[in-house]
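Structure assessment
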Amino acid sequence: MRYTFISVEMITAQQECTVPKEVYHKGPKVKEGMQYGDYVNNQASSAPTPLSSTSDDEEEEEEDEEAGVDSSSTTSSASPMPNSYDALEGGSYPDMLSSSASSPAPDPAPEPDPAPAPAPASSAPQPSKMTKPFGYGYPTLQPGYQNATAPPNSGVPPSSPGYSGFQPYAQQYPGMNQLSSGLGGLSLQSSPQPESLRPINLTQERNILPVTPVWAPVPNLNLDLKKLNCSPDSFRCTLTNIPQTQALLNKAKLPLGLLLHPFRDLTQLPVITSNTIVRCRSCRTYINPFVSFIDQRRWKCNLCYRVNDVPEEFMYNPLTRSYGEPHKRPEVQNSTVEFIASSDYMLRPPQPAVYLFVLDVSHNAVEAGYLTILCQSLLENLDKLPGDSRTRIGFMTFDSTIHFYNLQEGLSQPQMLIVSDIDDVFLPTPDSLLVNLYESKELIKDLLNALPNMFTNTRETHSALGPALQAAFKLMSPTGGRVSVFQTQLPSLGAGLLQSREDPNQRSSTKVVQHLGPATDFYKKLALDCSGQQTAVDLFLLSSQYSDLASLACMSKYSAGCIYYYPSFHYTHNPSQAEKLQKDLKRYLTRKIGFEAVMRIRCTKGLSMHTFHGNFFVRSTDLLSLANINPDAGFAVQLSIEENLTDTSLVCFQTALLYTSSKGERRIRVHTLCLPVVSSLADVYAGVDVQAAICLLANMAVDRSVSSSLSDARDALVNAVVDSLSAYGSMVSNLQHSALIAPSSLKLFPLYVLALLKQKAFRTGTSTRLDDRVYAMCQIKCQPLVHLMKMIHPNLYRIDRLTDEGAIHVNDKVVPQPPLQKLSAEKLTREGAFLMDCGSVFYIWIGKSCDNHFIEDVLGYPNFASIPQKMTHLPELDTLSSERARSFITWLRDNRPLSPILHVVKDESPAKTEFFQHLIEDRTEAAFSYYEFLLHIQHQICK
């Protein structure tokens, strides 16, 4: 075993020309992290202790008891120090709930979990209980996640305390059922039928799509609770009216699940620094707007109903500077808050921000030209990387060998160190490969300036991605952090090598689509090891050929990383992809990041969680381990009703995300959602959040596709519509058997399911590359609702007649708001121009007879014939039409995790094929039109 090191300047023409300097004996191996078998075989007792800042919540509670601390609160110094791992969430929650709900007497300290829960062996984290087959037993189906824009009066937490909710010191409440008169859960049966229950004949209703965006339904709560409730942008449920029993949920044939966007960017977030973080002594729920105060000294938990003491410090309100009004504290005024936690929440000092870039420099990668874009983006954003004075950074490159870079302060230039033995990878100089960003900034800049040209003439075609990742794991294990991997081809050497599994002749198959799952468990094992050492792996796949994303994606999926995919990437041949990479990198490098995070979700006694979706590792039944958390990540959890909710009129859900900020603070972000409980089937249907439901079903269908088959997943999606509309029809009397009737709340359900069936992830009969299909599935599993819905059902607007009527004002700019058009060619006119927003892609379709004034004022060309075939930008022209169009498109682009590519498509050009594939209401060779789909659903119901 040997490695060679030379200065970067010495590597110019040929990467192979390494100049031997000294031969080193390989030092001791870096200790591996969590072992794959420890998870897959559920051998919890043999799993190594994860490197983290946290201890189990149960252990934390025992420590509190021993120290004589009142465990209804977590006492801390006010210093902004980080938080703890399982300490984020209280303890063995189901066991806690078995204690008396109303007795204030202290319980014995709970037993700690014996070990972190093992990871499942399948491609997605599995429920703790066996779930019913997908497509029928919806209450036990797997969930999806999402998020959506909040409507006016959607219950966004107020920016200033305006609490006027339930009476602060009422009589003692034996249970939340006695709060019904004051808190909501207003029955729909005693009031006129709401609009959401209005029956609609789908086969006769031609214009089913509203002209304005579909907002999240507002829960049927009283006004005070509506004001205090969590924003649907952060926390959303598929049913805003929770059925009282599992039997009622089964009867409705609707999925029940939560959809989370817990770390999204917020403009207003109450941040609380306090010596006391008040939590329920029993279930460890954080105090929130939906608890009840029995008197000035006691409060009742809204999840397990236990009575807790109010700590002395909590009696003082820092906002009003008054004493004796705990119900006016900011924690009880806002359903989304963030606590700065104390050293009680740590096992080790908070980790610094650590970033490692692992770069493919094979011939394929150099030819694609991504290195220039990456290095330039890093140079421009180096000072904007989230972190503090402790921030560390490192670089590795690889082809058939692995190249490390010594950037230690004091060197005159960067040094390259080459390890050629990829079968037994080691770190040549472990202490100098990750360096302080600010102490070594000049050397880092020198390396970034040199990298794009260092491998220009390489003839190396192999890719040793697996060994490079093994080395990255060893390098990052002592601290944790983020690994950014850039890969351009199929790994061909060493551990984790892959063979091509795609048969182009099978792309258009109407039945069998193979190889949606990984070919090897190497990348999953590595991801689990990384997760155990608080390291997340983000994958950037830039390939013009099959790269087996189904296998490679595992390293991001199980380490809480991200996946970015750029098919047919080339610096010069595909400039729109190059520009997209540049814009995505700016967001990626500068967005907020949380390290060594965990997230726990709690719910009211009687409800239970059993299946999760997203990129994470399941640490225990309700605890997700997230080595990294970012603002663009969404999650979901499926719920079931274990015990009847007859004794309460409200249920609550709370998610708590514990993380280390890039500045080294340990923080806890808490979201709490309150929903009414209903006892009638009509009320259940009235509260359906159809977008949440469709995103949940999309997640379930991805799992079904991988675990069973694509055809089974498609059948299950159709069955979801058939079952729910059939159940509704059986509830409503005097319905025509020849009509397909749906409540207004479900009127878009068949349309959205048809859109899902025509989406890349699930479509058949159309040539779809395997990597493209798998990436679409990855996107479904990790995008918040607001972005996922545009991917499932794009928005179409006519833009050649934009006016200021109904426009909104954003940052001193007037943004037009054209009405939505249904996705059908019948809405297109050759005299018009239309914009289709597909989330990650914008299409502007120009009709053949479009007005020349619009073409000249917006596109900058005199007429239709002069528009180029490949146009990806709108010029900045000094015209009103140009200003309106650009303003509207810029507004649509804002706040997206991925920068959309813009394609101008001329009528009758070959490029229009992709555009027309998104017109989901129209018939294709392999799929129904919307009307035909409705007839098919009706036929299935009438069988």
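Nothing here was measured: the structure is a model prediction, and the numbers come from that model. Every residue gets a number counted from 1 within its own chain, in the order that chain's sequence is written. With pLDDT at 70 or above as the cut-off, local features in this predicted model cover only qualifying residues; side-chain atom pairs require 80 or more to be listed or tallied, and sums for whole chains, interfaces and linings still use all residues. In computing side-chain properties, one takes all heavy atoms of the structure into account and sets aside hydrogens as well as water.

Regarding the overall build of the protein
If you tally the helices and strands in the protein, you get 25 helices and 37 strands. Only protein chains enter the calculation, and the probe is 1.4 Å; a residue is then buried if its accessible area is under 20% of its type maximum, exposed if over 50%, and partly exposed in between. When each of the 943 residues of the protein is scored for burial, the buried share is 62%. Contacts were defined at the residue level, with two residues in contact if any of their heavy atoms lie within 4.5 Å. Within the protein, contacts between residues separated by at least 24 positions form 79% of all contacts whose residues are at least 6 apart in sequence. Here the open area of atoms and residues is found with the Shrake-Rupley method and a 1.4 Å probe, where only the protein chains shown may cover a residue. Surface exposure of the protein reaches about 34300 Å², of which carbon and sulfur atoms provide 49%. In this description a helix means any DSSP run of H or I spanning at least four residues, a strand means any run of E spanning at least two, and both kinds are numbered starting from the N terminus.

Re the pattern of salt bridges
By definition here, a salt bridge exists when the distance from a side-chain nitrogen of Lys or Arg to a carboxyl oxygen of Asp or Glu is within 4 Å. Applying the stated criterion across every chain yields a total of 34 salt bridges. Put simply, R198 and E195 hold a salt bridge, and the shortest N to O gap is 2.9 Å. In this structure, D907 engages R830 in a salt bridge whose closest nitrogen and oxygen atoms are separated by 3.4 Å. With a gap of 77 residues between them, D907 in the loop between β37 (901-906) and α24 (912-917) and R830 in the loop between β34 (820-821) and β35 (833-837) connect regions that are remote in the sequence. Using a relative accessible area of 6% as the deciding quantity, one classes D907 as buried. Because the salt bridges share partners, they merge into one network encompassing D265, R587, R591, K592 and D632.

Points about the packing of helix α17 (residues 690-707) against helix α21 (residues 785-792)
Between the N-to-C directions of two axes lies an angle of 0 to 180 degrees, each axis being a line fitted to C-alpha atoms and, for a helix, fitted only over the stretch in contact. The contact between α17 and α21 brings their axes to 10 Å, and the two run at 75°. Between α17 and α21, the crossing angle belongs to the class labelled roughly perpendicular. On α21, the residues that touch Q691, A692, I694, C695, A698 and N699 of α17 are L785, L788, M789 and I792. For the contact of α17 with α21, the residue count by class is 8 nonpolar, 2 polar and no charged. Working definition: roughly parallel below 35 degrees, roughly antiparallel above 145 degrees, roughly perpendicular at 65 to 115 degrees, and oblique for all remaining angles. Ten residues, namely Ala, Val, Leu, Ile, Met, Phe, Trp, Tyr, Cys and Pro, are considered nonpolar, four, namely Asp, Glu, Lys and Arg, are considered charged, and the remaining ones, Gly among them, are considered polar.

What to know about the packing of aromatic side chains
Any two aromatic rings considered together are summarised by their centre-to-centre distance and by the angle between their planes. For this analysis, a ring pair means two rings from Phe, Tyr or Trp (six-membered ring only for Trp) whose centres lie within 6.5 Å, classed as stacked if their planes differ by under 30 degrees, edge-to-face if by over 60, and tilted for the remaining angles. Inspection of the entire model under this criterion finds 21 aromatic pairs. For the pair F357 and F395, a centre-to-centre distance of 5.6 Å together with 20° between the ring planes defines the contact as stacked. Here the residue F357 occupies a position in strand β15 (residues 354-360), and F395 occupies one in strand β16 (residues 392-398), the gap between them amounting to 38 residues. Centre to centre, the rings of Y797 and F888 are 5.0 Å apart; their planes meet at 85°, and the pair counts as edge-to-face. Of this pair, Y797 sits in strand β31 (residues 795-798) while F888 sits in helix α23 (residues 880-893), and the two are 91 residues apart along the sequence. Residue Y797 is classed as buried on the basis of its relative accessible area of 7%. Members of the aromatic cluster, joined through ring pairs, are Y370, F486, F540, Y564 and Y588. Sitting over a ring, as applied to charges here, requires NZ of Lys or CZ of Arg to be within 6 Å of the ring centre and within 35 degrees of the ring normal. Above the plane of the ring of F263 lies K592, whose end atom (NZ or CZ) is 4.3 Å from the centre.

Regarding helix α9 (residues 370-381)
Taking 1.5 Å per residue, 12 residues should reach 16 Å; α9 reaches 17 Å between its end C-alpha atoms and fits that length. Of all the residues in α9, the buried ones are Y370, L371, I373, L374, C375, S377, L378 and N381. Under the convention used throughout, the expected extent of a helix is 1.5 Å for every residue step, that is, one less than its residue count.

Section: the pairing of β15
By the criterion of burial, β15 is predominantly enclosed, with 7 of the 7 residues buried. Every second residue of β15 is oriented toward a common face, with V354, L356, V358 and D360 on one face and Y355, F357 and L359 on the other, all of them buried. Inspection of the sheet shows β15 paired to β16 by 7 bridges, in the parallel sense. Residue pairing in the sheet places V358 in a bridge with M396 of β16. Strand pairing is assigned whenever DSSP detects at least two bridges linking the two strands.

A look at unusual backbone geometry
One non-glycine residue, S568, adopts positive backbone phi at about 55°. Residue placement: S568 occurs in the loop between β22 (563-567) and α15 (575-590). One non-glycine residue, N811, adopts positive backbone phi at about 50°. Position of N811 among the secondary structure elements: in the loop between β32 (808-810) and β33 (813-815). In this structure N811 comes out as exposed when scored by relative accessible area, which is 70%.

Quick look at the nonpolar core
In this structure, Y370, I393, F395, M396 and F653 are the most contacted members of the largest nonpolar core, which totals 213 residues. Setting aside residues no more than four positions away along its own chain, F653 makes contact with F235, I242, L258, R602, C603, L607, L639, H671, T672, L673 and L675. Throughout this description, the term nonpolar core refers to a set of buried Ala, Val, Leu, Ile, Met, Phe, Trp, Tyr and Cys residues connected via side-chain atoms within 4.5 Å.

Considering the sheet that holds strand β24 (residues 607-613)
Strand order in the open sheet formed by 4 strands is β4-β6-β27-β24, and the pairing between neighbours is antiparallel. Single-partner strands in this sheet number two, and they are β4 (235-237) and β24. Ignoring strand direction, the axes of neighbouring strands in this sheet form an average angle of 25°. Here 4 bridges tie strand β6 (residues 257-260) to strand β27 (residues 635-641), and the two strands are oriented antiparallel to one another. Pairing of L258 across the sheet is with V637, part of β27.

What to know about the packing of helix α19 (residues 749-757) against helix α25 (residues 930-942)
Describing two packed helices takes the angle between their axes plus the distance from one axis to the other. In contact at an axis separation of 10 Å, α19 and α25 are set at 110° when each is read in the N-to-C sense. One finds that α19 runs roughly perpendicular with respect to α25. Once α19 is placed against α25, the crossing between them reads as right-handed. Facing α19, whose interface residues are P750, L751, V753, L754 and L757, α25 presents Y930, F933 and L934. A class-by-class count of the residues in the contact of α19 with α25 yields 8 nonpolar, no polar and no charged. Here a crossing is called left-handed whenever its near helix is offset anticlockwise from the far helix by less than a right angle, and right-handed whenever the offset is clockwise.

Focus on the side chain of Q759
Mapping Q759 onto the fold places it in the loop between α19 and α20 (770-782). In contact with Q759, not counting residues within four places along its chain, are A776, I780, M791 and I792.

A few points about the environment of H787
Residue placement: H787 occurs in helix α21. When its relative accessible area of 13% is taken as the criterion, H787 is described as buried. Residues H787 and D632, 155 residues apart in the sequence, show an inter-C-alpha distance of 9.5 Å. Ignoring any residue separated from it by four or fewer positions in sequence, one finds H787 in contact with N895, R896 and P897.

Some words on the sheet that holds strand β36 (residues 841-846)
Across the sheet, 5 strands lie side by side as β34-β31-β35-β36-β37; this open sheet has mixed pairing. The open sheet has two edge strands, β34 and β37, and neither has a second partner. Of the strand pairs in this sheet, β35 and β36 are connected by 5 bridges, and their pairing is antiparallel. Among the inter-strand pairings, D837 is bridged to a residue of β36, identified as F842.

Describing the environment of E331
In this fold, E331 is placed in helix α7 (residues 330-333). Its relative accessible area of 1% is what places E331 among the buried residues. C-alpha of E331 to C-alpha of V271: the two residues are 60 residues apart in sequence and 9.5 Å apart in space. Non-local contacts of E331, meaning those with residues more than four positions away in its chain, are made with I272, I287, N288, P289, F314, V337 and F339. Whenever a nitrogen or oxygen atom comes within 3.5 Å of another N or O atom, the pair is scored as a polar contact, on the condition that within protein one atom can donate a hydrogen and the other can accept it, and that pairs from neighbouring residues in sequence are kept only if both atoms are in side chains. Within the structure, the side chain of E331 is placed 2.9 Å from the side chain of R329, a separation counted as a polar contact.

Examining the environment of T458
Mapping T458 onto the fold places it in the loop between α10 (441-454) and α11 (465-476). Distance in space between the C-alpha atoms of T458 and E367 is 9.8 Å, their sequence separation being 91 residues.

Quick look at the pairing of strand β17 (residues 402-406)
Each regular strand shows side chains that alternate between the opposite faces of the sheet. Taking burial as the measure, the 5 residues of β17 include 5 buried ones, the bulk of the element. The side-chain alternation of β17 yields two buried faces, one formed by I402, F404 and N406 and the other by H403 and Y405. Sheet topology places β16 next to β17; 3 bridges connect them, and they run antiparallel. Bridging from a neighbouring strand, M396 pairs with F404 of β17.

Observations concerning the confidence of the model for the protein
Reading predicted coordinates in detail is not appropriate for stretches of low pLDDT. Of the residues in the protein, 79% reach a pLDDT of 70 or more, and the chain-wide mean stands at 81. In the predicted structure, residues 1-5 sits below a pLDDT of 50 and forms 30 contacts with residues beyond four places in sequence or in another chain. Confidence of the predictor at the level of single residues is captured by pLDDT, which takes values from 0 to 100.

Here we look at the state of the cysteines
Criterion for a disulfide: a pair of cysteine sulfur atoms within 2.5 Å. For the structure shown, the criterion picks out 0 disulfides. Considering cysteine sulfurs only, C778 is the nearest to C782, which forms no disulfide, with 6.9 Å between them.

So, helix α12 (residues 522-532)
The element α12 is extensively covered by neighbouring structure, given that 10 of its 11 residues are classed as buried. Among all positions of α12, only F522, Y523, K524, L526, A527, L528, D529, C530, S531 and G532 are buried. Just beyond α12, the residue with positive phi is Q534, at close to 60°.

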